[in-house]
Amino acid sequence: MPNQKPVFISFYKALLFIIFTNVALVTSKSTIEPCSNSDSCNSLLGYTLYTDLKVAEVASLFQVDPISILTANAIDISYPDVENHILPAQLFIKIPILCSCVDGIRKSVSTNYKTRPQDTLSSIADSIYAGLVSADQIREANSIADPTVLDVGENLLVPLPCTCFNNTDNGLPAIYLSYVVKPVDTLAGIAASYSTTITDLMNVNAMGSSSVKAGDILAVPLSACASNFPKYASDRGLIVPNGSYAITASHCVQCSCGPGSLNLYCTPASLAVSCSSMQCKSSNLMLGNVTVQQSSAGCNVTSCTYGGYSNGTIITWLSSSLQPRCPGPRQFPPLVAPPSYVTRDSVFAPAPAPQSDGAITTVPKTSTVPSTGSLPGLPPALAPFGSLSDASSLVNSLATLPTALMIYFLIKLISPFSL
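Note that the structure is a prediction, hence the values are computed from the model and not measured.

Trainee: So what exactly am I meant to see when it comes to the sheet that holds strand β17 (residues 313-323) here?
Mentor: Note on sheets: strands pair through backbone hydrogen bonds, and any given pair is parallel or antiparallel. Reading across the sheet, the three strands line up as β15-β16-β17 and stay open at both edges, with antiparallel pairing between neighbours. Looking at the sheet topology across the chains shown, the edges are occupied by β15 (290-295) and β17. Put simply, the sheet's adjacent strands are angled 20° from each other on average, direction ignored. Across six bridges, β15 lies against strand β16 (residues 298-310) in antiparallel orientation. By the bridge assignment, threonine 291 is partnered in β16 with threonine 302.

Structure (structure tokens):
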């Protein structure tokens, strides 16, 4: 039939286009959390420095408080001129950010970047922001018609990945870290580095298998101490990852988490200069003070605790309780000196991925990304765009098929109709 030849050739040309288009689109993915309200939460970014930078310069890059970066990484802020300390290139640190709900999904939109000579969207995304964002995402966020033309000094919005998931993980307080997968990483290695499980990571990120590839962005739950401040407190929702601390109340209060306890513990900060009263009413106790008195019935514990910051006032609460045993000395997260070089066993970098033992990982029964709003979690086939789900398994399979082999089979399919 004379009309079959062009029909089949067109079909296979279209098929070839679709396959290579899909392969080209298989780029790094990030976990997308649907949302339906305007609430925000505290979140973290895992960031690798692209060059030597002062603490204040890193803070400026993300528009956050320099002290918050230091405390999130348990770096001692008492060092002289610590905000101007130079952090080395390739250092991995956690950046605290505010995670908002924008157009139905969670993302951070509080970061802006002023372009410099020689900048391109790709260099900004891949180098300066270490793969936390893509060039296309920056282009779309700023409605850039021609990505090859950037004016020096142009102010660009840099959308960054983040998740909230109600600041809980399996019913326990948690803060989520957006982690860019490195070429040497395995899911088992990432899980071990952050004291979680492979199954938990797969459930959180709606993964159909335990395989990851460089450039993927995973939401990693970190156990944390959560506050219970009133709604009118400006630091309502404060949550501190285990093993670190945070400064709040205009640098007047320091709150720490762990080790040994996941209860938030707050004391006057070393930076405190001009602060409101930190004494609990109707007592001589100051913020963080605890008294214990042994009795035949147990141990009477009275404490002066932090209740949030509102209109320049530090809220304190006096509480008393009878406990079976008197509490031991309070343990604080160990502080480290501001790092000046990077080593393989750096406390900031994820631990090396363990060698595979050949064990088979059980795929979770569900890979739905949960929603913090009223929107239900979507099944894998309808998972949010860009999420790590079974919806992309076909495309990923095509991407792993050697290009030459695909071309060979396509040519074999086309050749009978080219005569």
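This is not the end of the story, as more comes after the structure.
Trainee: Explanation requested: the state of the cysteines in the structure shown.
Mentor: Here a disulfide denotes a covalent bond joining the sulfur atom of one cysteine to the sulfur atom of another. Scanning the entire structure with this criterion turns up eight disulfides. One disulfide in the model links cysteine 35 with cysteine 101; its S-S distance is 2.0 Å. Given an S-S torsion of about 100°, the disulfide between cysteine 35 and cysteine 101 has right-handed geometry. Pair noted here: cysteine 35 is in the loop between α1 (4-25) and β1 (41-48) and cysteine 101 is in strand β4 (residues 92-102), with a separation of 66 residues, a long-range link. With relative accessibility at 19%, the residue cysteine 101 sits in the buried group. Disulfide pairing places cysteine 252 opposite cysteine 275 at an S-S distance of 2.0 Å.

Trainee: Which parts of the structure should I look at to understand the confidence of the model for the protein chain?
Mentor: Low-pLDDT stretches of the model should not have their predicted coordinates read in fine detail. Mean pLDDT for the protein chain: 80, with 75% of residues reaching 70 or above. Contacts for the low-pLDDT stretch residues 1-28, under 50 throughout, to residues beyond four places or in other chains number 27 contacts. Overall, residues 351-419 carries pLDDT values under 50, and its contacts beyond four positions in sequence, including any with other chains, amount to 114 contacts.

Trainee: Help me understand the nonpolar core in this model?
Mentor: Among soluble globular proteins, nonpolar side chains are generally buried collectively. Membership of the largest hydrophobic core comes to 46 residues, with the highest contact counts inside it found for Tyr47, Val58, Phe62, Ile93, Ile95 and Tyr129. Elements with a contribution of two residues or more to this core: β1, α2 (55-62), α3 (66-72), β4, α4 (121-128), α5 (135-141) and β12 (245-248). In this structure, Ile190, Tyr194, Met202 and Leu218 belong to the second largest nonpolar core, which totals 18 residues.

Trainee: Please clarify how the pattern of salt bridges should be interpreted in this entry.
Mentor: Two side chains with opposite charge may pair up if their charged atoms get near one another. Inspection of the entire model under this criterion finds three salt bridges. In this structure, the salt-bridge partner of arginine 116 is aspartate 119, at a minimum N-O distance of 3.9 Å. The exposure class assigned to arginine 116 is partly exposed, which follows from its relative accessible area of 41%. The residue arginine 139 makes a salt bridge to aspartate 136 at a minimum N-O spacing of 3.7 Å. Of this pair, arginine 139 and aspartate 136 both sit in helix α5, three residues apart, roughly one helical turn. Members of the salt-bridge network, linked through shared partners, are Asp136, Arg139 and Glu140.

Cut-offs used in this document
Residues numbered from 1 in each chain as written. Predicted model: local features only at pLDDT ≥ 70, side-chain atom pairs only at ≥ 80, totals over all residues. Heavy atoms only, no water. Pairing = 2+ DSSP bridges. Helix = DSSP H or I, 4+ residues; strand = E, 2+ residues; numbered from the N terminus. Axes fitted to C-alpha atoms, helices over the stretch in contact; angles between N-to-C directions. Disulfide = S-S within 2.5 Å. Buried < 20%, exposed > 50% of the residue type's maximum accessible area, 1.4 Å probe, protein only. pLDDT = per-residue confidence, 0-100. Contact = heavy atoms within 4.5 Å. Core = buried A, V, L, I, M, F, W, Y, C linked by side-chain atoms within 4.5 Å. Salt bridge = Lys/Arg side-chain N within 4 Å of Asp/Glu carboxyl O.

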